[in-house]
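A look at the structure
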Amino acid sequence: MKTQNLETLFHDTLKDIYYAERKILRALPKMARAAGSPDLKAAFEKHHEETQTHVERLQQVFELMGKPARGKTCPAIDGLIEEGEEVIEAFAGSPAVDAGLIAAAQAVEHYEIARYGTLCRWAELLDMGDAARLLESTLQEEGATDEALTKVAEKSVNQAALAA
């Protein structure tokens, strides 16, 4: 049996977020297609590009650990993505779909922010400075995406959903 310590927990959590990022990579184009707001569509497209970089950074962290880049099923992200798909089905054609997509996307962002924040601190404790810097870069981008989604919601999307 392998030793259960912070390093094994770090690796396990890394596999979780790797799975999540790859699932998000597949979900974002669907969300962009479903978005009615040009600003929201652009935000999803931009984040899709960033997410590709996030996956690459995670692969670098695995490499730094001398481990293969493998994910493990993350029921939390599966559920959050499923909620976004339900919004698309239930509100298609309505301005409310954009407000629902933003809410679903922000739930995903908050999950990622929590994971990356934890991984950053653990990498620092494990004296993995290069990994910490890679993870911190992604954490900052996830936070910026969350803020950008809030701005799109406040600029027009929530009011359009209210007026519908």
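Residues numbered from 1 in each chain as written. Predicted model: local features only at pLDDT ≥ 70, side-chain atom pairs only at ≥ 80, totals over all residues. Heavy atoms only, no water.

Points about the overall build of the protein chain
Across its full length, the protein chain carries five helices and zero strands. At 17 Å, the protein chain has a C-alpha radius of gyration in line with the 15 Å of a compact globule built from 164 residues. Overall size of the protein chain, expressed as C-alpha extent along the three principal axes, is 55 × 25 × 20 Å. Counting every position in the protein chain, which comprises 164 residues, the buried fraction comes to 44%. (Helix = DSSP H or I, 4+ residues; strand = E, 2+ residues; numbered from the N terminus. Rg over C-alpha atoms; globule rule 2.2 N^0.38 Å. Buried < 20%, exposed > 50% of the residue type's maximum accessible area, 1.4 Å probe, protein only.)

Observations regarding the pattern of salt bridges
The final tally for this structure, using the stated rule, is nine salt bridges. Between Arg 133 and Asp 130 there is a salt bridge whose closest N-O contact spans 2.5 Å. Of this pair, Arg 133 and Asp 130 both sit in helix 5 (residues 129-163), three residues apart, roughly one helical turn. Among the residues examined, Arg 133 registers a relative accessible area of 53% and is labelled exposed. Under the relative-accessibility criterion, Asp 130 is labelled partly exposed at 45%. Salt bridges sharing partners connect three or more residues here, namely Arg 121, Glu 124 and Glu 136. (Salt bridge = Lys/Arg side-chain N within 4 Å of Asp/Glu carboxyl O.)

Topic: helix 2 (residues 38-65)
With 28 residues, helix 2 extends 41 Å between its outermost C-alpha atoms, agreeing within 8% with the 40 Å of an ideal straight helix rising 1.5 Å per residue. All of the buried residues in helix 2 are Leu 40, Phe 44, His 47, Glu 50, Thr 51, His 54, Val 55, Arg 57, Leu 58, Val 61, Phe 62 and Met 65. Residues of helix 2 that are buried sit in contact with helix 1 (6-34), helix 4 (96-125) and helix 5. Sitting at the amino-terminal end of helix 2 is Ser 37, which places a side-chain oxygen 3.2 Å from the backbone nitrogen of Asp 39. Directly after helix 2, the chain includes Gly 66, whose backbone phi takes a positive value near 75°. (Expected span 1.5 Å × (residues − 1). Contact = heavy atoms within 4.5 Å. Polar contact = N/O pair within 3.5 Å; in protein donor to acceptor, adjacent residues only side chain to side chain.)

Remarks on the packing of helix 1 against helix 4
The N-to-C vectors of helix 1 and helix 4 enclose an angle of 160°; their axes lie 10 Å apart at closest approach. With respect to each other, helix 1 and helix 4 are oriented roughly antiparallel. Seen from above, helix 1 lies across helix 4 with left-handed handedness. (Axes fitted to C-alpha atoms, helices over the stretch in contact; angles between N-to-C directions. Parallel < 35°, antiparallel > 145°, perpendicular 65-115°, else oblique. Left-handed = near helix turned anticlockwise from the far one by under 90°.)

Digging into a negative patch on the surface
Taken together, Glu 82, Glu 83, Glu 85, Glu 86 and Glu 89 make up a surface patch of like negative charges. In this structure, Glu 83 sits in helix 3 (residues 75-91). For Glu 83, a relative accessible area of 45% puts it in the partly exposed group. (Patch = residues over 30% accessible without salt bridge, like charges linked within 9 Å, V, L, I, M, F, W, Y side chains within 5 Å. Areas by Shrake-Rupley, 256 points an atom, 1.4 Å probe, with all protein chains shown as cover. Lys, Arg positive; Asp, Glu negative; His and termini not counted. Charge placed at Lys NZ, Arg CZ, Asp CG, Glu CD.)

Side note on the nonpolar core
Nonpolar side chains tend toward joint burial in soluble globular proteins. With 46 residues, the main nonpolar core has Phe 10, Leu 14, Leu 40, Phe 44, Ile 77 and Leu 135 as its most contacted residues. Among the secondary structure elements, those contributing two or more residues to this core are helix 1, helix 2, helix 3, helix 4 and helix 5. Take this core: its biggest share by element is twelve residues, from helix 1. (Core = buried A, V, L, I, M, F, W, Y, C linked by side-chain atoms within 4.5 Å.)

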